[in-house]
Every structure is written in structure tokens, then in C-alpha cells.
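# A look at the structure
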Amino acid sequence: MWTKKHQLMLGLILFLAVIYLFTSNAHTVERTPRITSDSPAREPANSNELSKSPRPIHVAEIAETTLPIGTPASGFTIFDRLYVRNGTLYVVASDSSSLPHLKFIISKPEDRGGGRNLDPTPQEMQVITPEQAKGVLGDHALIIEGMNMILYDTNQFMAHYYHWWGEIILGAMRVYSAITLLPGFQPPLPEASRFILPHVGDDSWRDRAGVNGPLMRAGFPLASIDRADFWKDLIALNRTFVFERAMIISRTGAHHSPLSNEWLKMISSTMNVTVPEHFWEPLREQLVTNTIGYLPVMDNAGVVVSSPKSSAPIVTYISRQRTGRRLVTEDHDGLIDALKELEAEGLCELNVAIMETMTFAQQIESVARSTIIIGVHGYLHDYEILARNMGHKHYAVWNDTTLTYPAGQWYKGVEFGDRSKFHGSSIPVHGPTVAQVVRERLTLRTP
């Protein structure tokens, strides 16, 4: 399996590169929890005792809400015993001084932009005392067990692979994995039980390329994806429900983080959250296995040692020459020639992938077997932040100039060159420069 040494190599994602999160089709069980009102009262599980499998909803007395890891990231907030009644979320707390302003947690469910004030109102969320809870929530609540991911946004930014997987899911899993660092935690970290989209009533969370849905089924095979009708059903029942554990995910809340002013991305707020080094690996392994039927295993050098084996580390160049964002033709050819020279030396196996000609499973397999991935992608910080969130090494390349940062240092601004050409059909790259970076990474001569 991968060692720390190998994982550093695994993540070489160049500035001219599309990034795939799984350089690592099971079905999901779509379900609505069964409600029973005659079950014995019980407290929701503590931080280390979440339900490992779905069970019917039971009843519990109203108890105070807690935040098991505090509030380390705006827009990604975990609660134990989070209540909902008539569509409003409630935090029950004797002392609310430890809570941040609710705008860092949730917002009005409206599209962003236009200078609108999206700060939450009492309709979205309220903080109440235990005494007030008796009059608002009653004495008991129906428990919705497990880990519940509440994506409290409109569909405005959901229907894009980058925003869904690169920000919502990656950010949520990074913050959720911090649970494993709590004293006395007993692994494994329970999988998410459901993803709730209270303000999305149709399939508009799915991306045009058809990636979001299949990856969710493969990565979270036991989780349901519940849309607005689920939320409306809870409202129609006119009962108080309590989420055993829930994370409220809010794009607007995340953008209130000071880090968002620098990175301009929803996931910015998660950058400083302390997490296990390989927090992404369990999800990556499950997703890859459920998509292609096996998990490629590499040795310390990056050689695939499981069947089908490779003779050397695989370097995948994702060609986008058929798309609107592509390299100068001569530079594309020069890049391939330079990489072929490395292959001839026995340093790597070169795989030139044209994703639009491949099946979904073939795309995932190609990436999962790769040690180094090269290809054109968007703005530098968009994809550096994804790569480095997962412990990968990221190199930016513009023509013959490279840029990377050691651990602990982050992007502070760089001159990109002519932005009018940056997203066009004549992006320059010096093939030998890229090949030299690849050579250095494969021979471990760079930090």
C-alpha cells in the first residue's frame, strides 16, 4: 500500500492539469427512515458511538446541543443533537457564548450575488435555552440517527464537479475526519447516513458531465440523497426531530471565513483544520473499488504491483486538445515527445488519456493507477487547494516557469501571464520543463 513517501509523489498535479480527486457501481439504498413513537427514550450516541448502520427512528428527551469539535471551519459545522421543527433548525444551549454568529453556520437559502444580504433569519435557525425548548420543541424528539450532511444551499453552485466534489464533499469530509482526533475515539469513522438537500427539489444538483451522481453512489453506497420533498415531509408531520449528528454545510457561511478573502473559494475555511494525514483515503478506496472492481496497489516507487501490474510508475497526461481550453498544438506534441523520452529511459509508463473517448470506469481506473497526472486546468489556486488538501504535491507550470510550495506555505499571488490566453486554445508549455519536473519527482530529488 502507499507509504507517506509515495503519497507525496502521487499528487504531482501540474498547473496545466485537470485534477481528479481519486488518484484513488455500487448502488445506494434510497430510503426514508421509519418513524416509531413507542420506542424507549434514549440519548443520542456520543462522539464515538454513532450508529454504524441505519436503524428506525426512536424517541429521545430534549437535551442540549453540543459541538463535538467546536467550530474550526466556517460553513462546515458539526452538531450533536441538532433539532428541526417546521423547517427551522434549533440549537438548544444553556450558554450560547461559545457559538459563533449564525451567519458563519447557515444563510438564507437564496442564490448568491447581487450584493444581497443572506444572513440567516429565525426561519432558518435559532438558538434557544432548555427552558425555551419546552415551549418550542416539546419534551421529546424523533431521532434521525447517524451522520447527516445537510447541504443548506440552493442548486446555484452544486451542478459542477469542482463545486460538488472539490468543495462540498472534500470540505465536509476534511472537517468530519477531525472527529477521529477526539480523545478516546474508536475507529472507524462512521460513514455518512444521508445527504439532505432541503432547497433542491429536482436533479439540478447533478453536473452536466454526469459525474456527481455516480461518484456519490460509489463513494457512499449506503447513504441516501434526500431532496426538498424529504424536508417537506418532516414539516408536514409537525413533529420535532433531532439529528443524532449533523453537519450544516453552507457556501455563504464558508465565505464569511477570513481565508475566503485570500482563496475566494468555499473550501478555504477548511484549510487550517487539523485532520489525520490520510483522511481522504477510506473514501477514495471505497469509491475506486466500487467503480472499477478493484483497488490498484502501488509500491514505494509508484509501480502498480497489483494486477494488472505496471513496469514503472504511470504518468498520465490528460489531453484536452479537443476542447476549448487546450495547449498550442506544437507544445502539446513537444510535451508528449519529452515524456516519451522518460518512458524510453524506463522511468515511467506514459499514458495519454483523452477522457471524452473513455467510459466513466476507464477514466477512474486511469487516474487511480497513476503516480503523476498532467493536464490543463483552471486558475492556479482552484486546484492547488484541492491537491494539497489531500496531501498531494502540486506544481504550477506556465510555459517554462514552475511554481510549487513546501508544506506549511501557501499561494500568496502569482503573475499568471496573459489572462486572455489563459483559458483559450493557445496555452503555452515547454515540454522539456515539464519532463524535468516529472524526472525529479520520480527520482525524488525535489523536496
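Residues numbered from 1 in each chain as written. Predicted model: local features only at pLDDT ≥ 70, side-chain atom pairs only at ≥ 80, totals over all residues. Heavy atoms only, no water.

If you check an unreviewed UniProt entry, the protein appears there as Glycosyltransferase 61 catalytic domain-containing protein from Gymnopilus dilepis.

### As for the side chain of Thr371
Condition: The helix count covers DSSP runs of H or I at least four residues long, the strand count covers runs of E at least two residues long, and both are numbered beginning at the N terminus. Using a 1.4 Å probe on the protein chains alone, a residue whose accessible area is under 20% of its type maximum counts as buried, one over 50% counts as exposed, and one in between counts as partly exposed.
Here Thr371 is to be found in the loop between helix 10 (360–368) and strand 12 (372–375). Judged by its relative accessible area of 0%, Thr371 is buried.

### Focus: a negative patch on the surface
The condition that has to hold: Only residues above 30% relative accessible area that lack a salt bridge enter a patch, with like-charged residues linked at up to 9 Å and the nonpolar side chains Val, Leu, Ile, Met, Phe, Trp and Tyr linked at up to 5 Å. The Shrake-Rupley method, run with a 1.4 Å probe sphere, supplies the accessible areas, and residue values consider only the shown protein chains as cover. By convention in these notes, a salt bridge is any Lys or Arg side-chain nitrogen within 4 Å of a carboxyl oxygen on Asp or Glu. We count Lys and Arg on the positive side and Asp and Glu on the negative side, and we leave His and both chain ends out. Here the site of a charge means NZ on Lys, CZ on Arg, CG on Asp, or CD on Glu.
Residues Glu330, Asp333, Asp337 and Glu341 make up a contiguous surface patch of negative charge. Mapped onto the secondary structure, Glu341 falls in helix 9 (residues 329–344).

### Let's talk about helix 8 (residues 281–292)
The condition that has to hold: Multiplying one less than the number of residues by 1.5 Å gives the expected span of a helix. Think of the arc as the fan of directions from the helix axis to the C-beta atoms.
Here helix 8 contains twelve residues, and its C-alpha end-to-end distance of 16 Å stays within 8% of the 16 Å for a straight helix at 1.5 Å per residue. Along helix 8, the residues that are buried comprise Glu281, Leu283, Arg284, Leu287, Val288, Thr291 and Ile292. All buried residues of helix 8 project into a common sector of 160° when viewed along the axis, lining one side. Just beyond helix 8, the residue with positive phi is Gly293, at close to 90°.

### Details of the nonpolar core
The criterion, for reference: Put simply, a nonpolar core is a bunch of buried Ala, Val, Leu, Ile, Met, Phe, Trp, Tyr and Cys residues held in one set by side-chain atoms that sit within 4.5 Å of each other. Either an automatic procedure or a domain database provided the assignment from which the domain bounds are taken.
Judged by nonpolar contacts, the single largest core of 58 residues is most densely connected at Met149, Trp164, Trp165, Ile169, Phe195, Phe220 and Met247. Split by domain, this core shows at least three residues from each of two domains, domain 1 (59–281) and domain 2 (296–444). Within the second largest apolar cluster, 24 residues are counted, among which are Phe79, Val84, Leu102 and Tyr152.

### A short note on unusual backbone geometry
Trans is the prevailing form of peptide bonds, just as negative phi is the prevailing case for residues other than glycine. For the bond running from Pro187 to Pro188, omega is 5°, close enough to zero to count as cis. With respect to the element layout, Pro188 can be found in the loop between helix 3 (161–177) and strand 7 (192–196). Residue Pro308 follows Ser307 across a cis peptide bond; omega there is -5°. Mapped onto the fold, Pro308 is located in the loop between helix 8 and strand 10 (314–318). The phi torsion at Asn86 lies on the positive side, around 55°, for a residue other than glycine. Phi angles above zero are rare outside glycine, and Asn399 is one such case at about 60°. Examined against the element boundaries, Asn399 turns out to sit in the loop between strand 13 (394–398) and strand 14 (401–403).

### Structural notes on helix 4 (residues 212–219)
Cut-off, in case you're wondering: In this analysis, two residues are considered to be in contact whenever any of their non-hydrogen atoms come within 4.5 Å of each other.
Helix 4 sits mainly inside the fold: seven of its eight residues count as buried. Within the span of helix 4, buried status applies to Asn212, Gly213, Leu215, Met216, Arg217, Ala218 and Gly219. Close packing links the buried residues of helix 4 with helix 3, strand 7, strand 8 (224–226), helix 8 and helix 10.

### Digging into the packing of aromatic side chains
Heads up, the rule is: Note on ring pairs: Phe, Tyr and Trp rings are taken, using the six-membered ring of Trp, and paired if centres are within 6.5 Å. Classes follow the plane angle, with under 30 degrees stacked, over 60 edge-to-face and the rest tilted.
If you walk through the whole model with that rule in mind, you get six aromatic pairs. For the ring pair Tyr162 and Tyr383, a centre distance of 5.2 Å and an interplane angle of 65° mean the geometry is edge-to-face. Taken together, the positions of Tyr162 in helix 3 and Tyr383 in helix 11 (residues 380–389) put the pair 221 residues apart, joining distant regions of the chain. Of the residues examined, Tyr383 reaches a relative accessible area of 15% and is grouped as buried. Note on Trp164 and Trp205: the rings are 4.9 Å apart at their centroids and 35° apart in plane angle, and the pair reads as tilted. On the criterion of sequence distance, the pair formed by Trp164 in helix 3 and Trp205 in the loop between strand 7 and helix 4 is long-range, its members being 41 residues apart. Given the relative accessible area of 0%, Trp164 is considered buried. Ring pairs connect the aromatic residues Trp165, Phe195, Phe220, Phe279 and Trp280, which therefore count as one cluster.

### Details of the packing of helix 4 against helix 8
We apply this condition: Whenever a helix is involved, its axis is fitted only over the stretch in contact; in every case the axis is a line through C-alpha atoms, and angles between N-to-C directions fall within 0 to 180 degrees. If an angle is under 35 degrees, it is roughly parallel; if it is over 145, roughly antiparallel; if it lies from 65 to 115, roughly perpendicular; otherwise it is oblique. Each residue gets one of three labels, nonpolar for Ala, Val, Leu, Ile, Met, Phe, Trp, Tyr, Cys and Pro, charged for Asp, Glu, Lys and Arg, and polar for the others, Gly among them.
At a minimum axis distance of 7 Å, the contact between helix 4 and helix 8 shows a crossing angle of 105°. In terms of orientation, helix 4 and helix 8 fall into the roughly perpendicular class. Contacts between helix 4 and helix 8 involve Leu215, Ala218 and Gly219 from the former and Leu283, Gln286, Leu287, Asn290 and Thr291 from the latter. Split into classes, the residues belonging to the contact of helix 4 with helix 8 amount to four nonpolar, four polar and no charged.

### Things to note about the packing of helix 9 against helix 13 (residues 431–442)
The cut-off we apply is this: Less than a right angle of anticlockwise turn of the near helix away from the far helix marks a crossing as left-handed, whereas a clockwise turn marks it as right-handed.
Look at helix 9 against helix 13: their axes get within 8 Å of each other, and the N-to-C directions meet at 35°. Where helix 9 crosses over helix 13, the handedness of that crossing is right-handed. On helix 13, the residues touching Gly334, Leu335, Ala338, Leu339 and Leu342 of helix 9 are Gly431, Pro432, Val434, Ala435, Val438 and Arg439. Class assignment of the residues belonging to the contact of helix 9 with helix 13 gives a composition of eight nonpolar, two polar and one charged.

### Remarks on the pairing of strand 12
Condition: Here a strand pair is declared whenever DSSP counts at least two bridges between the two strands.
Of the two faces of strand 12, the one carrying Ile372 and Ile374 and the one carrying Ile373 and Gly375 are both buried. Relative to strand 12, strand 10 runs parallel, the two sharing four bridges. Paired with Ile318 across the bridge in strand 12 is Gly375.

### Quick notes on the pattern of salt bridges
In total, this model carries eight salt bridges according to the counting rule given. As a salt-bridge pair, Glu345 and Arg439 come within 2.9 Å of each other at their nearest N and O atoms. Note that Glu345 is positioned in the loop between helix 9 and strand 11 (349–353) and Arg439 in helix 13, a separation of 94 residues in sequence. Residue Glu345 is classed as partly exposed on the basis of its relative accessible area of 47%. With relative accessibility at 23%, the residue Arg439 sits in the partly exposed group. Because the salt bridges share partners, they merge into one network encompassing Asp203, Arg206 and Arg227.

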